[in-house]
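Chain by chain, the residues run as shown.
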Amino acid sequence: MYYKSEAYIGSEFAGKYLYENGLTPVYVSDNPVLNAQHVLFEAAKAYHYGLPYHAALASVTTAPAEELGMGQRIGKIKPGYDADVVVWDSDPLSVGAAPVQVWIDGTSQLHDPIELSKRRDGPLVADESLSHVEEPRETSAALFRGVNKVLLSGNKTYERDGERSLNVAFKNGKISCIGHCGAEFATARASGVEVVSLKNGYLTDAFTGVAGNLGLGEIDAEPTTENGNNAVKFTRAIDGLQLGGKKLRVGARYGVTRAISAPKLNNLGTHHGTSVGFVTTARTSLEKGAVFAQDVAVHYTVDVNSRAADSYSAAFGELRRKLLRAAKGGEDVADAYSEAAYLQKVVEGTMVLALTVNSADGIATALRIKAEVEGALRSSSSSSSSSSRKLRLAIIGGAESHLVAAELAAASVGVILLPLQATALTWDARRTLPGAPLTNGTAVDWLVAAGVTVAVGLPEDWRVRDLGFEAGVAYRNGNGRISEKAALDMVSINVHTILDAKADEDAEGAGDAGQGHFMVSEGSPLEIGSRIKAVGTGRGSILAFGV
């Protein structure tokens, strides 16, 4: 969806609609756009979006075999059929399902496979209610009972103990009470607000989409619908902001209420300029509260995409020269919005330098440049505060970041993985970890174990619907390293921490920006089969589903 004009009208409910009209859905990988290793995940999402469980599983087994005219020998476990069989560590349509063993023609394919330690929930119970599509309506107040878990930033957590669950009240688009909330419920009900009872209710922070093209383009392959490339000039994303589009509406529907986007260098997943932080439900950038941070971080790309203009050594060398020139100081920067002015803020420690880079060698060079600039700051300053100044660095991409996890942690550098499960698509990412059953963990596991702050970004904007599931994979496949709350943080608060994305002083909600950005769901938002019931937009309103 969203990547070309004929896909722009696509729907996440396509499988459901096709099935209900007598057609047979089949899901394919389109490798390498969708990694063939995870094609089953497409069927899992189809089930989540309303395709019956049996039809979703058939869409990657029986149905393609029959469509290819080979249904008499493959696609089923049945006497006389080819012995092509997979044993999974969990329900194959659950988040993070990984093979334990694969047999082709009766021969096992995996020597000493890695099997993850997971909670044994058994097979999913097919939920026919998922086929009912709930459209959101905007309101300012809502009441929920049956909340079993509260997982909010600022250590605001609660888990149901025995028979007691929580009530949650919302007023003016913000959380007004968590607990018994008797007075709040009475007042709201007197005003006509209905109480919604939840099954296994969750209250969490809303998500933040980062490092994609959200707000800067609508159809990726249609140049007239986007901001364009910035290969030569250093620009500000806020000057190219386009709000009110379909991508952003869909993002808000699935709990992505904020986004941080930087101008594109020359391709998706590349960045050059200063990023902007904005709210996905705003119609224009002039609306009150639409932009919560005009200039979040200073971005450069030093991965394989930068080779279009120069060598790696030239790109890193030029970056070093710019930073050392800024560190030297003494220059009067007349243009407050120039590249030099923003680099001055970087060396002063008031803005983060975000480098898009995938190779471990490139990250190592970035860490070395960081140390060199900090050394120059110490030698050129006489004050103790300036001499202890640190360059605040973030890595975006990070396909091979696990190889330098300890060094990243020691330098206090956060990583925004783009995507969570990288593939060896380019030479820069050749040493990426595919995960179980081939490797014991992926980059996120190694980074978390080393103490690195990790977030998950958007390599392509169509993934905006799936951020919760991406975090769910980290949680389910983390072998106990990553808690449910820590996984949720990877698509919310960690984004803001890594990029130091504070709200501007004049932005609506500054100082309490998180209170209006929340999500209420039935079931964990990290899991297939959960249902979003309310999304706090952060602008005094709530998107309520079935309320």
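Residues numbered from 1 in each chain as written. Predicted model: local features only at pLDDT ≥ 70, side-chain atom pairs only at ≥ 80, totals over all residues. Heavy atoms only, no water.

Some points on the pattern of salt bridges
For the structure on display, the rule yields 31 salt bridges. Here Glu-318 makes a salt bridge to Arg-321, at a shortest N to O gap of 3.2 Å. In this pair, Glu-318 and Arg-321 are both assigned in helix α7 (residues 312-328), three residues apart and thus about one turn of the helix distant. Overall, Arg-321 belongs to the partly exposed group, its relative accessible area being 47%. Among the ionic pairs, Lys-502 bridges to Asp-500, the shortest N-O distance being 2.3 Å. We classify Asp-500 as buried; its relative accessible area is 19%. (Salt bridge = Lys/Arg side-chain N within 4 Å of Asp/Glu carboxyl O. Helix = DSSP H or I, 4+ residues; strand = E, 2+ residues; numbered from the N terminus. Buried < 20%, exposed > 50% of the residue type's maximum accessible area, 1.4 Å probe, protein only.)

Points about the UniProt feature "domain: Amidohydrolase" (unreviewed entry) in the protein
Here the UniProt feature "domain: Amidohydrolase" (unreviewed entry) sits at residues 51-106. What you have in residues 51-106 is 21% helix and 18% strand, and the ends, taken at the C-alpha atoms, are 31 Å apart. (UniProt positions renumbered as here; feature names shortened; annotations may be inferred.)

Side note on helix α6 (residues 246-253)
Across the eight residues of α6, seven count as buried, placing the element largely inside the fold. Among all positions of α6, only Lys-246, Lys-247, Leu-248, Val-250, Gly-251, Ala-252 and Arg-253 are buried. Along its buried surface, α6 packs onto β4 (136-139), β12 (256-261), β14 (276-279), β22 (531-536) and β23 (542-545). (Contact = heavy atoms within 4.5 Å.)

Topic: the state of the cysteines
What the rule picks out here adds up to one disulfide. Note that Cys-177 is cross-linked by a disulfide to Cys-181, the S-S spacing being 2.2 Å. Disulfide Cys-177-Cys-181: torsion about the S-S bond near -95 degrees, hence left-handed. A single burial state applies to Cys-177 and to Cys-181, both of which are buried. (Disulfide = S-S within 2.5 Å.)

Some points on the sheet that holds strand β11 (residues 235-236)
In spatial order, the strands read β11-β13-β16-β17-β18-β19-β20; together these seven strands make up an open sheet with mixed pairing. Both edges of this open sheet fall to β11 and β20 (454-456), since each of them pairs with a single strand only. The pairing of β11 with strand β13 (residues 273-274) spans two bridges and is parallel. Counted as the bridge partner of Arg-236 is Thr-274 from β13. Taken strand by strand, helix α9 (residues 360-380) contacts β17 (352-357) and β18 (393-397), and its axis lies near 165 degrees from that of β18. (Pairing = 2+ DSSP bridges. Axes fitted to C-alpha atoms, helices over the stretch in contact; angles between N-to-C directions.)

Some details on unusual backbone geometry
Residue Pro-419 is reached from Leu-418 by a cis peptide bond, and omega for that bond is 5 degrees. By the element assignment, Pro-419 lies in the loop between β19 (414-417) and α12 (443-450). The peptide bond linking Ala-436 to Pro-437 adopts the cis configuration, its omega dihedral lying at 10 degrees. Structurally, Pro-437 is set in the loop between β19 and α12. Positive phi outside glycine occurs at Ala-211, with the angle close to 75 degrees. One non-glycine residue, Asn-479, adopts positive backbone phi at about 50 degrees.

So, the packing of aromatic side chains
Under the counting rule described, the total for this entry stands at nine aromatic pairs. Ring geometry for Phe-13 versus Tyr-17: centroids 6.2 Å apart, planes at 55 degrees, classification tilted. For Phe-13, a relative accessible area of 10% puts it in the buried group. The interplanar angle of 35 degrees and the centroid separation of 6.4 Å between the aromatic rings of Phe-234 and Tyr-342 together place this pair among those described as tilted. On the criterion of sequence distance, the pair formed by Phe-234 in the loop between β10 (207-210) and β11 and Tyr-342 in helix α8 (residues 339-348) is long-range, its members being 108 residues apart. (Phe/Tyr/Trp six-rings, centres within 6.5 Å; stacked < 30°, edge-to-face > 60°.)

Some points on the sheet that holds β14
Sheet architecture is open: four strands sit in the order β10-β12-β14-β15, paired in mixed fashion. Among the strands making up the open sheet, the edge pair consists of β10 and β15 (291-293). The sheet shows a mean angle of 25 degrees between the axes of neighbouring strands, taken without regard to direction. Inspection of the sheet shows β10 paired to β12 by four bridges, in the parallel sense. Opposite Thr-208, over in β12, you have Arg-258 as the bridge partner.

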